[in-house]
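# Structure at a glance
Letter by letter, the chains look like this.
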Amino acid sequence: METDGKLQLVSIPDIPNSSKRVILEYVFANHTNYQFWSKMKVVDREPKTVNDCPAWDSYMWNSIYQKDSEFIPMLTKPVAMFENPFLKSPHKLVLCDMWKTNDEPAGINTRVQCLETMERLKNDPKTGFRPKVPHDPWFGIEQEYIVTRRSDNLPASYEPKDNDYSTLILYCSVGHVHDRNVALERDLSMKHLQACIYAGVNVCGCMRENGPSQWEYQVGPCAGVEIGDHLQMSRYILLRLGEQYGLRVTLKSVPVHGEAFFSGGHLNFSVRKMREKGGIKFIHHAIHVLAKSDPILLLEIQVYDQTLDQDNTERLTNTSGHWHPKQDEFVFEGDRKEFTTVRIPPLVEAEGQGYLEDRRPPSSVDSYAAAARLVRASIQYLAIFCDLGTSS
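The structure displayed is predicted, hence computed values, not measured ones.

## Some details on the environment of Leu93
Examined against the element boundaries, Leu93 turns out to sit in strand 7 (residues 92–99). Of the residues examined, Leu93 reaches a relative accessible area of 0% and is grouped as buried. For Leu93 and Ser38, which are 55 residues apart along the polypeptide, the C-alpha to C-alpha distance reads 9.5 Å. Once residues lying within four places of it in the same chain are set aside, the contact partners of Leu93 are Glu25, Ala80, Met81, Phe82, Glu83, Asn84, Pro85, Met233, Tyr236 and Ile237.

## Here we look at the pattern of salt bridges
Per the counting criterion, the structure on display carries 15 salt bridges. Asp44 serves as the salt-bridge partner of Arg21, at 3.3 Å between the closest nitrogen and oxygen. Here Asp44 lies in the loop between strand 4 (36–43) and strand 5 (56–61) and Arg21 lies in the loop between strand 2 (6–7) and strand 3 (22–29), a separation of 23 residues in the sequence. Ionic pairing is found between Arg272 and Asp136, a salt bridge with its closest N-O pair at 2.3 Å.

## Structural notes on the state of the cysteines
Here, the word disulfide means a covalent bond between the sulfur atoms of two cysteines. The tally for this structure, following the rule as stated, stands at zero disulfides. For Cys172, which is in no disulfide, the shortest distance to another cysteine sulfur is to Cys206 and amounts to 9.9 Å. The partly exposed category is assigned to Cys172, whose relative accessible area is 41%. Sulfur of Cys204: no disulfide; nearest cysteine sulfur belongs to Cys222 and is 8.5 Å away.

## A short note on the nonpolar core
The biggest cluster of nonpolar side chains holds 67 residues, and the ones touching the most others in it are Met233 and Ile237. Leave out the neighbours within four places in its chain, and Ile237 touches Pro85, Phe86, Leu93, His192, Ala195, Cys196, Ala199 and Val201. Grouped together as the second largest cluster of nonpolar side chains are 14 residues, Cys53, Trp56, Met74 and Ile108 included.

## So, the packing of aromatic side chains
How two aromatic rings sit relative to each other is given by the distance of their centres and the angle of their planes. Scanning the model with the defined rule gives seven aromatic pairs in all. Considering the side-chain rings of Phe36 and Tyr236, the 6.2 Å spacing of their centres and the 70° angle between planes classify their relative orientation as edge-to-face. With Phe36 in strand 4 and Tyr236 in helix 3 (residues 226–245), the pair connects residues that are 200 residues apart, well separated along the chain. When its relative accessible area of 15% is taken as the criterion, Phe36 is described as buried. Exposure remark for Tyr236: the relative accessible area of 5% places this residue in the buried category. A cation over an aromatic ring shows up here: Lys41 above the ring of Trp56, its NZ or CZ 4.5 Å from the ring centre. Over the face of the ring belonging to Trp138 we find Arg275, whose NZ or CZ atom lies 3.6 Å from the ring centre.

Cut-offs and rules
- Throughout, a residue's number is its position along its own chain's written sequence, starting from 1.
- Restriction of local features to residues with pLDDT of at least 70 applies here, the model being predicted, together with a cutoff of 80 or more for giving and counting side-chain atom pairs; totals for whole chains, interfaces and linings are based on all residues.
- With hydrogens and water stripped out, all remaining heavy atoms of the structure feed into the side-chain values.
- Going along the chain from the N terminus, every DSSP run of H or I of four or more residues is numbered as a helix, and every run of E of two or more is numbered as a strand.
- Accessible area is worked out with a 1.4 Å probe on protein chains only. A residue is then buried under 20% of its type maximum, exposed over 50%, and partly exposed in between.
- By the convention used here, residues are in contact when the closest approach between their heavy atoms is within 4.5 Å.
- Criterion for a salt bridge: a side-chain nitrogen of Lys or Arg within 4 Å of a carboxyl oxygen of Asp or Glu.
- We call a pair of cysteine sulfur atoms a disulfide when they lie within 2.5 Å.
- Note on terminology: a nonpolar core comprises buried Ala, Val, Leu, Ile, Met, Phe, Trp, Tyr and Cys residues joined through side-chain atoms within 4.5 Å.
- To pair, rings of Phe, Tyr and Trp, with the six-membered ring standing in for Trp, must have centres within 6.5 Å; the planes then decide the type, stacked if under 30 degrees apart, edge-to-face if over 60, and tilted in the middle.
- Two conditions define a charge sitting above a ring: the NZ of Lys or the CZ of Arg must be within 6 Å of the ring centre, and it must be within 35 degrees of the ring normal.

What follows is the structure, encoded as structure tokens:
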């Protein structure tokens, strides 16, 4: 909580479980995709898999426009199950997606389309393509977020009178002069990493980012649709921890319009050929395909910016910000690596195999939609180039 300008940790002591009954915490995103609801269901025995978790009824908007007339009954269908770091095992966190009926997904449900797209890589009914060797698409997300003040949504440690934020470099710093709330923020970051590991969320690191009160953690690599499942649960755990710390955490890419504080959600992507020896040629060719296709570029930008206030468009067109690509230009090579659209990380370039990084998605990215769109944009490349092994 915030008391006299100081932040204090709020925690609840563990209560021992002497019963075999198990609490299932159902978690589902609302129309924004990065804000969450949850409700508790008590069952008589511990579920072994997510298939043991029953569907449940709920209410949800069936549109991002959040109209009263569209606040309708829906079903929450469990899709992934994790250990509960707040209640501890045997209690579970159960990620759900939304359905209008048993057979009709809600309009806000992008997981279904993502799953269909990943299945197309195995056997595409539209083209008849069936790969000789499974492509095994892997994804990773670099999730940035900002700890903000309740009063004005600005970063909690923002002190413009004391620091020049146009030149200040906070990236990975420790013991920096600009350390107003960093101890509590760092503790939140580390506790989040530990909680995700306990839950079984596939996180692989965390760090301090360059903006004031800005932090990042990484999810992946995850196969196919699992990138969305693990990212969504990691987000929920972060927001829940923020409640306990009394910290306000925002996943919005532009927390305050008109200010140069931006957060990204860079999307890493590879298929089997890219990860094997000599895979760098497949990575270069995939980037070449993306760079030369204007319709694909425009469609991807639209998928990456589904918010009503077009946050990502503001992020990619604001010239006062640092370390983000441009809205209307595909940049791959050049001296200013911070402005690249899609890049090859230095270690990948050095080892000659790995993955590519799409830097356009915002911190609020719908990873189901983004991963599916990137695969759809690459299906022709995957079917022809990767499967036949031709050179660029």
